[in-house]
Amino acid sequence: MSVSTDATTGEPLPIIAPEEVMAQKEHGTCTGPPQEDLRWGCSFETADNICCFNRHYAEYSGYWLKTKFLEEVNREEPTTYYDSVTGKPLFRAPVGRTFEEFEKESRAHGWPSFRDEEVIWENMRCLSNGEAVSVDGTHLGHNIPDRNGNRYCINLVSVAGRPQGGSDEL
């Protein structure tokens with residue numbers, strides 16, 4: 001397996017952040033609470049616990065299948081996934097594969113699963129222990145590499161935000 005690198009900086013992926021990114025802030029590890037009107041019917045309470053007051057746990061396996069995600073997501077074009085706290089873009093998927101391949105992999109692992117080319121590296125990092133986080137301190141999930149490379153298993157509640165500034169781009 002070859003090492004992936006960021007197309008802009010040439011850094012090896014994932015880009016590793018210092019532990020300080022997850023330091024205590026105004027609202028747990030976050031700068032504030034999650035948005036109240038999360039996409040796909042995701043629970044604010046679950047998002048608040050997972051995103052801001054958690055370092056090790058996840059929404060339950062298959063949670064994303066119980067939401068409106070599969071009913072509402074665009075299966076023809078890549079979807080941008082936004083930080084549920086800040087509204088910054090974190091992932092754009094599927095890229096380099098079909099929606100059916102994205103869904104199959106996500107179902108097999110129990111959480112939406114993203115690959116290096118689907119990460120918006122300006123806003124997402126991993127810690128040295130594999131924890132996937134936003135640059136602002138939102139807990140997202142974990143990098144669990146497999147034979148195909150880095151695989152970011154991400155809590156849907158962590159990426160169900162709406163774009164910052166109220167943009168209509170979803």
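Scroll up a little and you will see the structure.
Residues numbered from 1 in each chain as written. Predicted model: local features only at pLDDT ≥ 70, side-chain atom pairs only at ≥ 80, totals over all residues. Heavy atoms only, no water.

## Description of the overall build of the protein
When you go through the protein residue by residue, the secondary structure sums to three helices and seven strands. Starting at the N terminus and ending at the C terminus, the protein contains elements arranged as α-α-β-β-α-β-β-β-β-β. Computed over C-alpha atoms, the radius of gyration of the protein comes to 15 Å, within 12% of the 15 Å expected from 2.2 N^0.38 for 170 residues, which places it in the range of a compact globule. Projected onto its principal axes, the C-alpha coordinates of the protein cover approximately 40 × 40 × 30 Å. For the protein, the proportion of its 170 residues judged to be buried stands at 54%. (Helix = DSSP H or I, 4+ residues; strand = E, 2+ residues; numbered from the N terminus. Rg over C-alpha atoms; globule rule 2.2 N^0.38 Å. Buried < 20%, exposed > 50% of the residue type's maximum accessible area, 1.4 Å probe, protein only.)

## Observations regarding the sheet that holds strand E5 (residues 131–134)
In spatial order, the strands read E3-E7-E6-E5-E4; together these five strands make up an open sheet with antiparallel pairing. In this open sheet, the two strands that pair with only one neighbour each are strand E3 (113–114) and strand E4 (124–126). Of the strand pairs in this sheet, E3 and strand E7 (residues 152–154) are connected by two bridges, and their pairing is antiparallel. Within the sheet, the bridge partner assigned to Ser 113 lies in E7 and is Cys 153. (Pairing = 2+ DSSP bridges.)

## Quick word on the environment of Cys 52
As for its placement among the helices and strands, Cys 52 is situated in helix H1 (residues 44–52). Separated by 26 residues in sequence, Cys 52 and Glu 26 have C-alpha atoms that sit 9.9 Å apart. Once you skip the residues sitting within four places of it in the chain, Cys 52 turns out to touch His 27, Gly 28, Thr 29, Cys 30, Gly 32, Pro 34, Ala 47 and Val 85. (Contact = heavy atoms within 4.5 Å.)

## Re the nonpolar core
Core analysis: the biggest nonpolar cluster contains 35 residues, and Phe 69, Tyr 81, Phe 91, Met 124 and Tyr 152 have the highest contact counts within it. Only H1, helix H2 (69–72), strand E2 (89–93), helix H3 (99–109), E4 and E7 provide two or more residues apiece to this core. Ranked by residues supplied to this core, first place goes to H1 with four residues. With residues up to four places along the chain from it excluded, the contact list for Met 124 reads Leu 90, Phe 91, Val 119, Ala 132, Val 133, Ser 134, Val 135, Leu 140 and Tyr 152. In this structure, Val 21, Met 22, Leu 127 and Val 133 belong to the second largest nonpolar core, which totals five residues. (Core = buried A, V, L, I, M, F, W, Y, C linked by side-chain atoms within 4.5 Å.)

## As for the side chain of Arg 97
Relative to the helices and strands, Arg 97 resides in the loop between E2 and H3. Classification of Arg 97 as buried rests on a relative accessible area of 17%. Among the polar contacts listed, one links the side chain of Arg 97 to the backbone oxygen of Ser 113, at a separation of 2.7 Å. (Polar contact = N/O pair within 3.5 Å; in protein donor to acceptor, adjacent residues only side chain to side chain.)

## As for the pattern of salt bridges
Side-chain pairing between opposite charges can occur once the charged atoms of the two side chains come close. Tallying each qualifying case throughout the model produces 11 salt bridges. A salt bridge links Arg 55 to Glu 19; the nearest nitrogen and oxygen atoms lie 2.8 Å apart. Of this pair, Arg 55 sits in the loop between H1 and H2 while Glu 19 sits in the segment before H1, and the two are 36 residues apart along the sequence. The class for Glu 19 is partly exposed, based on a relative accessible area of 42%. For Arg 162, the salt bridge identified is with Asp 37, shortest N-O distance 3.4 Å. Here the residue Arg 162 occupies a position in the segment after E7, and Asp 37 occupies one in the segment before H1, the gap between them amounting to 125 residues. (Salt bridge = Lys/Arg side-chain N within 4 Å of Asp/Glu carboxyl O.)

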